[in-house]
Every structure is written in structure tokens, then in C-alpha cells.
Amino acid sequence: MPNQNYSRSALVKWLVNHLQQTTEINQDEILHVLAMQPSDLENVLGRLSMPKYLALLNWAALRTGSADFGINLASQIPNGLPGSVGCVMSHIATLREHFQFLHRFGVDFQDAVRFTFVEGPISGRLEYKLVPTGVVNSRHDSEYTLASLVGLFRRYVGNQFVPIQVSFTHAEPTQVAEHQRVFGSEVHFEQPVNAIYFASSLLQTGVSNVNPSLLVSLQTHLGQILHEYKREGTLISRVRFFIAAKLCSRTCVVENAAVYLLFSQRSLTRHLQRQGTSFRKLKQGVLAEVAKCALAESDASVVEISKHLGFSETSAFDRSFRKLTGYTPLQYRDLQRC
């Protein structure tokens, strides 16, 4: 089972690459800060302790001279980065469902962070904290996370979105101009929780026009695979979760899986081969599971299911499903409903 002391691995890997590519910071400096050897970069970053992760953020802020490093970082990370708050957006219909999913499962799936979603009749809030509690110097991490959430709102609600209020647990910085530019005028510090507050009416904002029963089916299956991952913590279960979360998008490829899991593509392929499988085989297995679940438990048409699972033509989905199961999609649905 993932250890609660481990940090947000996908962000760590991206940050290390980002610092080397966009600044004068070199690998030796990063290794020195993390007290690591070059051979550790591929495998150890995925198990970086929370104190080291926070130390890296704080050091990067000082080294780059960016007092608002966390806030600025949020604007530089591309949409769809594995491990980001958008990881499962293709499986939900509204912002409310997205926040409910974060509340239930967390964002990192490594027990490093916790989200608490609270909805009221007029306003709601999404709280964020690190696990374990009591860590110090987490300013840049919390500012990065809440800025990312504001970006998520603006992506779907519109660039005019301004939170009702944003609160941080850390002390007020010397300069808050950047905070007010990103979050609005109601930014408060030394508060009990890190949280973003918003009008509850925004929670109905749609992020997908997919058949609602199909989305429920996708969420159910994703939850099952996440439970498997958290119970077993094996490489195969981690790859299966990535595939389930990304199956409906073009990013569900071995190259991105390697980035998410902090391997090189070659190393990931080699490790899977040693366990008698491959990314392609695992993807086919998850595809068959998801398709079976959707056909049996949703009222979505075969056309809707095939399209959402990334097939450009229904005939291609029919052939693939028949090869994997021995039945056409309609035959399988009829059998399940007898």
C-alpha cells in the first residue's frame, strides 16, 4: 500500500524536468538538494518523501528568485498532466461530480493529499491539506494547488471567474499583488484551512455531454480499479489505474504512462515484460472490462460507448470487442439482460 509520507510524484517528476529545461538549474543542483544520486532520478522520485518534496519547491522558489513560485507554477503546467486535478475529467459530467470524486479518492492516489468538498445552498468550498498533517513550509504547494483549482474553474466557467474567497493556512507574504491578480481581492492568510470558496450554482457547470448512465458506469469501474491499486500497490495495478483514468482520451499511451509512473518508456516496458504482460495487453484488458460494464449497466448506445472509448468507427469497436470477448457488443448486452 502507498505510504502516507510520499509526495505528489507526477508533479515532482514534471518539476524536475521543468527546472532543468526552463532555468539555469542543472541536475547536479537538484540532486544535491534532494541528497540523491543520478541513478535515483528514475525510481526514487516516485517515492520522494513529503519533506523533500516541499524542500524542493521552497529551494526552487529561492533559486529562481520567484516569491510566488507556486502560483506561477500552476499557470505553466499543461492541461491533462498525469496526476493533476484533471486526471478523471473524461469520467464526469459536472464540476460538482469532479469535486465529489476528489473528496472521495484524492488527487494523487498516493495518500499524500486530501480534499474535502463542502456544498451549501448558496456557496461551497473545496479544502486542501497535506497528509500527514503538521508539515511546515508548505506555502508553495498550497498556492500551486489552489491556483490550479481556479484555473479549472476558468476553463469551464469562463475567464471571468473570481472566487468568493480564498484562504491559506500560512502567514501572509510581504507582497500579495500576485495573489490578488490570480484569486481576487478576498485572499486571507493564517486561516484554519486552505480552501477556495465559490457560488454553489457553478457546480452544475457541465464538463462533458456524455450519456449520464455511461459516466456512472465509468466512475464505478474506475473506483474498483483504484481500490485494487490501493490494496495491492503493484506496478500492474498502477498501470491499470492510469489506463482506466485515461482510456477515453488520446493521452492513454505507453509514453504518458511511463511519465506518470516515473519510468522511462523502455524501463516500464521491460518491467512489464518481466511480469509476463505489456501496456498493450493491459489496455486491452481494461478496455474489455470497461466496455462490458458499460454495455451491461448503462443505457448508452453502442455508438456512444464506442465513441467515448476512443474508437472513430463503431465497426472498429465491434471487431475489437468481439476479438476480446467472443461476442459482438449487442450480443453481450443481450446475454447480460436475459
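K.L.:
I'm lost on the overall build of the chain in this one. Help?
P.N.:
When helices and strands are tallied, the chain shows 16 helices and 5 strands. Taking all 338 residues of the chain together, the buried fraction comes to 53%. In the chain, the share of contacts with a sequence separation of at least 24, taken over all contacts with a separation of at least 6, comes to 68%. For the chain, the computed accessible surface area is about 15,900 Å², with 49% contributed by carbon and sulfur atoms.

K.L.:
I tried to follow the nonpolar core on my own but got confused; where do I start?
P.N.:
Counting 56 residues, the largest nonpolar core has Leu 19, Leu 73, Phe 99, Leu 126 and Phe 183 as the members making the most contacts within it. The dominant element in this core, judged by the number of residues it contributes, is helix 4 (residues 50-64), at 8 residues. For Leu 73, the residues in contact, after removing those within four places along its chain, are Leu 11, Trp 14, Leu 15, His 18, Leu 57 and Tyr 144. Phe 242, Leu 282, Leu 309 and Phe 311 belong to the second largest nonpolar core, which has 44 residues in total.

K.L.:
So what exactly am I meant to see when it comes to the packing of helix 13 (residues 279-297) against helix 16 (residues 329-336) here?
P.N.:
In contact at an axis separation of 9 Å, helix 13 and helix 16 are set at 55° when each is read in the N-to-C sense. Put simply, helix 13 runs oblique to helix 16. Of the two possible hands of crossing, helix 13 and helix 16 adopt the one that is right-handed. Residues Lys 292, Ala 294, Leu 295 and Ala 296 of helix 13 form the contact with helix 16, whose own contacting residues are Pro 329, Tyr 332, Arg 333 and Gln 336.

K.L.:
How do you make sense of the confidence of the model for the chain when you look at a structure like this?
P.N.:
Keep in mind that low pLDDT regions are not for reading the predicted coordinates in detail. Taken as a whole, the chain shows an average pLDDT of 85; of its residues, 87% reach a score of 70 or greater. Note that pLDDT drops below 50 for residues 1-5; the model gives that stretch 14 contacts with residues more than four away or on any other chain.

K.L.:
Please clarify how helix 12 (residues 265-274) should be interpreted in this entry.
P.N.:
Note on helix geometry: an α-helix contains 3.6 residues per turn, so any two residues three or four positions apart are oriented the same way. Along helix 12, the positions that sit buried rather than exposed are Ser 267, Leu 268 and Leu 272. Along the axis of helix 12, the buried residues cluster in a sector spanning 130°; they form a single face. Of the exposed residues in helix 12, those oriented more than 90 degrees away from the buried face are Arg 266, Gln 273 and Arg 274. Two residues or fewer after helix 12 comes Gly 276, characterised by a positive phi angle close to 75°.

K.L.:
Would you explain the sheet that holds strand 5 (residues 194-199) in this entry?
P.N.:
The pairing of strands in a sheet comes from backbone hydrogen bonds and takes either a parallel or an antiparallel form. Taken in spatial order, the 5 strands of this open sheet run 1-2-5-3-4, and their pairing is mixed. Of all the strands in the sheet, just strand 1 (113-119) and strand 4 (187-188) have a single pairing partner and so form its edges. Taken together, the 7 bridges between strand 1 and strand 2 (residues 123-130) define a ladder with antiparallel strand orientation. Across the sheet, the residue bridging to Val 113 is Leu 130, located in strand 2. Relative to the sheet, helix 7 (residues 139-157) contacts strand 1, strand 2, strand 3 (165-167) and strand 5, its axis offset from that of strand 5 by approximately 15°.

K.L.:
Can you walk me through helix 15 (residues 314-325) in this structure?
P.N.:
With 12 residues, helix 15 should reach 16 Å at 1.5 Å per residue; the first-to-last C-alpha distance of 16 Å fits that figure. Burial in helix 15 covers these residues: Phe 317, Phe 321 and Thr 325. For helix 15, the angular spread of buried residues about the axis comes to 40°, placing them on one side. Of the exposed residues in helix 15, those oriented more than 90 degrees away from the buried face are Arg 319 and Lys 323.

Rules used in this analysis
In every chain, residue numbers begin from 1 and rise along the written sequence. Confidence filtering applies because this is a predicted model: local features only for residues at pLDDT of at least 70, side-chain atom pairs given and counted only at 80 or more, and all residues used for totals across whole chains, interfaces and linings. Side-chain measures here rest on the full set of heavy atoms in the structure, leaving out hydrogens and waters. Only DSSP runs of H or I with at least four residues qualify as helices, and only runs of E with at least two residues qualify as strands; both kinds are numbered from the N terminus onward. Burial here depends on accessible area, computed with a 1.4 Å probe over protein chains only, as a share of the maximum for the residue type. Under 20% is buried, over 50% is exposed, and the range in between is partly exposed. Throughout, a residue-residue contact means that at least one pair of heavy atoms, one from each residue, lies within 4.5 Å. Method for areas: the Shrake-Rupley scheme with a 1.4 Å probe, in which residue coverage is limited to the protein chains shown. Working definition of a nonpolar core: buried Ala, Val, Leu, Ile, Met, Phe, Trp, Tyr and Cys residues. They are joined through side-chain atoms within 4.5 Å. In this analysis, axes come from line fits to C-alpha atoms, helices being fitted only over the stretch in contact, and the angle between any two N-to-C directions falls in the range 0 to 180 degrees. Each angle is binned into one of four classes, with values under 35 degrees roughly parallel, values over 145 roughly antiparallel, values of 65 to 115 roughly perpendicular, and all other values oblique. It is the rotation of the near helix from the far one that decides the hand of a crossing: anticlockwise by less than a right angle makes it left-handed, clockwise makes it right-handed. Values of pLDDT, the confidence the predictor places in each residue, fall between 0 and 100. Regarding the arc, it is the one traced by the directions from the helix axis to the C-beta atoms. By this definition, two strands are paired if DSSP reports at least two bridges between them. Expected span, for any helix, means 1.5 Å times one less than how many residues it has.

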